[in-house]
Amino acid sequence: MPALSDTDFGNGSRCVPRFDKTCVTQFVSTKCEKQLRFSLHPTATAFRSEREALDLPHPQVRPNLAAIQRAGDEWGQAKIADLEEHFGASLVVGGPKTVVASATGRALRVSASALAEHLGPQLAAGTFLVECEFDADTNVLRQAFGLEEIQAVDAPGPLVFARARPDIIEVITADLPGARVARQRVTPDGGVEDLPEDDTRVQLRIVDVKLTSEPGPHYFAELAYYAVALAGWLAEHGLEDRFVVHPKPGVWPGSESAGPLATARAAGANGARMRAAFNDELETVPLTIFLAEVRRLLGEVLPRVLATPYPALQWAVTPRCQGCENLGQRFYPAPGTRASDWDERHCLPTAARTGDLCRIPYVSQGSTRVLRQRGLPDVASVAQASLTDSAFEAH
């Protein structure tokens, strides 16, 4: 793969589509291919010239979003502190640890570290690997989804995958008391296969901590992507003979009351009962549903989006767009360049300016396609059409 510095527009500006977990969560939330392409180009300052070269508007950040993100970080750090309190510091493994202040009490920030550093003989059953990252950009993953040579039609750089860093990876062995030992594993191509009855490989279970008390489908899709990427990483590095990816990752949701872990600890529980209580803290779903979503995204949607110039991608403003950084809500009267400002190229202003059919309530995207095909491309043409126009009966 070419180095990032080797792929530019000739003026030093990089143009490298970059896939990460945000692409998964936002696409599952919106089902919008234009939004997917928008999120493929990082918003960090280092990539600003790339976005300008593609004429992408700035991502609109909702007011107070930073406060919400801080609250989420604090909640996650408090949960890591809970793990250390309930299971001991030796089983909470990652980078350097820092005790931090939190509105919820003691919190623990664990610096990122490389997952490979912790998978040696010293790895103990029941360990919680915290903020351990691995390279999602593997030949195994690319080959599984036909992405070996893929790049965007309007960008000279190749598609790259950002490193993945789940909040927690639980280390499970067949003899770990109280653990949810699986009889299946996630495969690098996004499938699930049965394990042999006598399989003794270590199972790696991905857990993400979320502030919300009711995690939505996009969070579970994120877990499914992590699972597929981790399975590919294990295969890439010849570790499949020692490790498998657990097929039931979990979300550790927010709660205003004492959870099963705290309750079990107060009752004097330890060992198997504490491990079982940790399992009771987690929200899980049948992963096969979300693995199918990840397979479709990587194998079908992503290649189609990269093969289509950004201005030609289909889009529509719908209720699912709430929270999208390309929506362009008018928090202020005039457009601007501040983080929460709107831009004329954002979707809401574009829809208003062009009279897009998505402005008509209760009309599906399928219906709008038919209307356009029948010569009614915008709100004004629909308003002027006869009530008996055959276009209204075509869908």
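Remember, it's a predicted structure, so these values are computed and weren't measured experimentally.

Rules behind the numbers
- Residues numbered from 1 in each chain as written.
- Predicted model: local features only at pLDDT ≥ 70, side-chain atom pairs only at ≥ 80, totals over all residues.
- Heavy atoms only, no water.
- Helix = DSSP H or I, 4+ residues; strand = E, 2+ residues; numbered from the N terminus.
- Rg over C-alpha atoms; globule rule 2.2 N^0.38 Å.
- Buried < 20%, exposed > 50% of the residue type's maximum accessible area, 1.4 Å probe, protein only.
- Contact = heavy atoms within 4.5 Å.
- Areas by Shrake-Rupley, 256 points an atom, 1.4 Å probe, with all protein chains shown as cover.
- Lys, Arg positive; Asp, Glu negative; His and termini not counted.
- Charge placed at Lys NZ, Arg CZ, Asp CG, Glu CD.
- pLDDT = per-residue confidence, 0-100.
- Pairing = 2+ DSSP bridges.
- Salt bridge = Lys/Arg side-chain N within 4 Å of Asp/Glu carboxyl O.
- Axes fitted to C-alpha atoms, helices over the stretch in contact; angles between N-to-C directions.
- Parallel < 35°, antiparallel > 145°, perpendicular 65-115°, else oblique.
- Nonpolar A, V, L, I, M, F, W, Y, C, P; charged D, E, K, R; others polar.
- Phe/Tyr/Trp six-rings, centres within 6.5 Å; stacked < 30°, edge-to-face > 60°.
- Lys NZ or Arg CZ within 6 Å of the ring centre and 35° of its normal.
- Core = buried A, V, L, I, M, F, W, Y, C linked by side-chain atoms within 4.5 Å.

Student: Explain the overall build of the chain here, please?
Tutor: The number of helices and strands found in the chain is twelve helices and 14 strands. For 395 residues, the compact-globule formula gives about 21 Å, and the C-alpha radius of gyration of the chain, at 24 Å, lands near that figure. When the backbone C-alpha atoms are referred to their principal axes, the chain occupies close to 75 × 45 × 45 Å. Evaluated residue by residue, the chain yields a buried proportion of 51% over its 395 residues. At a minimum sequence separation of 6, the contacts of the chain that also span at least 24 residues come to 68%. When the accessible surface of the chain is summed, it comes to about 18,700 Å², and 50% of that surface belongs to carbon and sulfur atoms. Seen as two clouds, the 40 positive and the 49 negative side-chain charges of the chain have centres 4 Å apart.

Student: I would appreciate a short explanation of unusual backbone geometry in the present structure.
Tutor: Negative phi is the rule for most residues except glycine; trans is the rule for most peptide bonds. The backbone of Asp55 shows a phi angle near 60°, a positive value even though the residue is not glycine. With respect to the element layout, Asp55 can be found in the loop between helix H3 (48-53) and helix H4 (65-87).

Student: Mind showing me how you'd approach the confidence of the model for the chain here?
Tutor: In regions of low pLDDT, the predicted coordinates are not meant to be interpreted in detail. Per-residue confidence for the chain averages 90 on the pLDDT scale, and 95% of its residues sit at or above 70. Note on residues 1-13: pLDDT under 50 across the span, and 27 contacts to partners over four residues away in sequence or across chains.

Student: Sorry if this is basic, but what is going on with the pairing of strand S9 (residues 168-172) here?
Tutor: Where a strand is regular, its side chains alternate between the two sheet faces. Counting buried positions over the five residues of S9 gives five, a clear majority of the element. Pairing analysis gives three bridges linking strand S6 (residues 128-130) to S9, with the strands arranged antiparallel. Following the sheet pairing, Leu129 is matched in S9 by Ile169. Bridge count between S9 and strand S12 (residues 202-209): five bridges; the pairing is antiparallel. Residue pairing in the sheet places Ile172 in a bridge with Gln203 of S12.

Student: Is there a simple way to think about the pattern of salt bridges in this case?
Tutor: When the charged atoms of two side chains lie near each other, side chains of opposite charge can form a pair. The final tally for this structure, using the stated rule, is 26 salt bridges. Between Glu131 and Arg165 there is a salt bridge, and its shortest N-O distance comes to 3.7 Å. In this pair, Glu131 sits in the loop between S6 and strand S7 (132-133) while Arg165 sits in the loop between strand S8 (160-161) and S9, placing the two residues 34 residues apart along the sequence. By relative accessible area, which is 37% here, Arg165 ends up partly exposed. Via salt bridges that share partners, Lys21, Asp208, Lys210 and Glu222 belong to a single interconnected network.

Student: Help me understand the packing of helix H6 (residues 217-236) against helix H9 (residues 287-306) in this model?
Tutor: If you want to describe how two helices pack, look at the angle between their axes and the distance between the axes. Running from N to C, H6 and H9 point in directions that differ by 75°, and their axes come no closer than 8 Å. On the basis of the axis angle, H6 is roughly perpendicular to H9. Touching Pro217, Phe220, Ala221, Ala224, Tyr225 and Val228 of H6 are Leu287, Phe290, Leu291 and Val294, all from H9. A class-by-class count of the residues in the contact of H6 with H9 yields ten nonpolar, no polar and no charged.

Student: In this structure, what is going on with the packing of aromatic side chains? I would like to understand it.
Tutor: For any pair of aromatic rings, geometry is given as the distance between the ring centres together with the angle between the planes. If you walk through the whole model with that rule in mind, you get nine aromatic pairs. Note on Phe134 and Trp233: the rings are 6.0 Å apart at their centroids and 50° apart in plane angle, and the pair reads as tilted. Remark: Trp233 occurs in helix H6 and Phe134 occurs in the loop between S7 and helix H5 (139-144); sequence separation between them is 99 residues. Trp233 matches Phe134 in its accessibility class, with the two residues each being buried. Members of the aromatic cluster, joined through ring pairs, are Phe19, Phe161, Tyr225 and Tyr226. Between Arg51 and the ring centre of Phe38, over which it is positioned, the NZ or CZ distance is 4.5 Å. It is Arg338 that lies over the ring of Tyr332; its NZ or CZ is 4.4 Å from the centre.

Student: Teacher, can you tell me more about the environment of Leu261 here?
Tutor: Among the secondary structure elements, Leu261 is positioned in helix H7 (residues 260-266). Residue Leu261 is classed as buried on the basis of its relative accessible area of 2%. Sequence separation between Leu261 and Glu117 is 144 residues, and the spatial gap between their C-alpha atoms is 29 Å. Not counting chain neighbours up to four residues away, the residues in contact with Leu261 comprise His86, Phe87, Trp252, Met274, Ala277, Phe278 and Glu281.

Student: What am I meant to see in the nonpolar core here?
Tutor: Buried together is how nonpolar side chains tend to be arranged in soluble globular proteins. Within the largest apolar cluster, 61 residues are counted, with the highest numbers of intra-cluster contacts made by Phe19, Leu115, Phe161 and Leu230. Secondary structure elements with two or more residues in this core: helix H1 (21-30), helix H2 (33-39), S9, S12, H6, strand S13 (243-245) and H9. Of the residues forming this core, the biggest block, 13 residues, is contributed by H6. One finds Ala81, Trp252, Met274 and Phe278 within the second-largest nonpolar core, a separate group that totals 22 residues.

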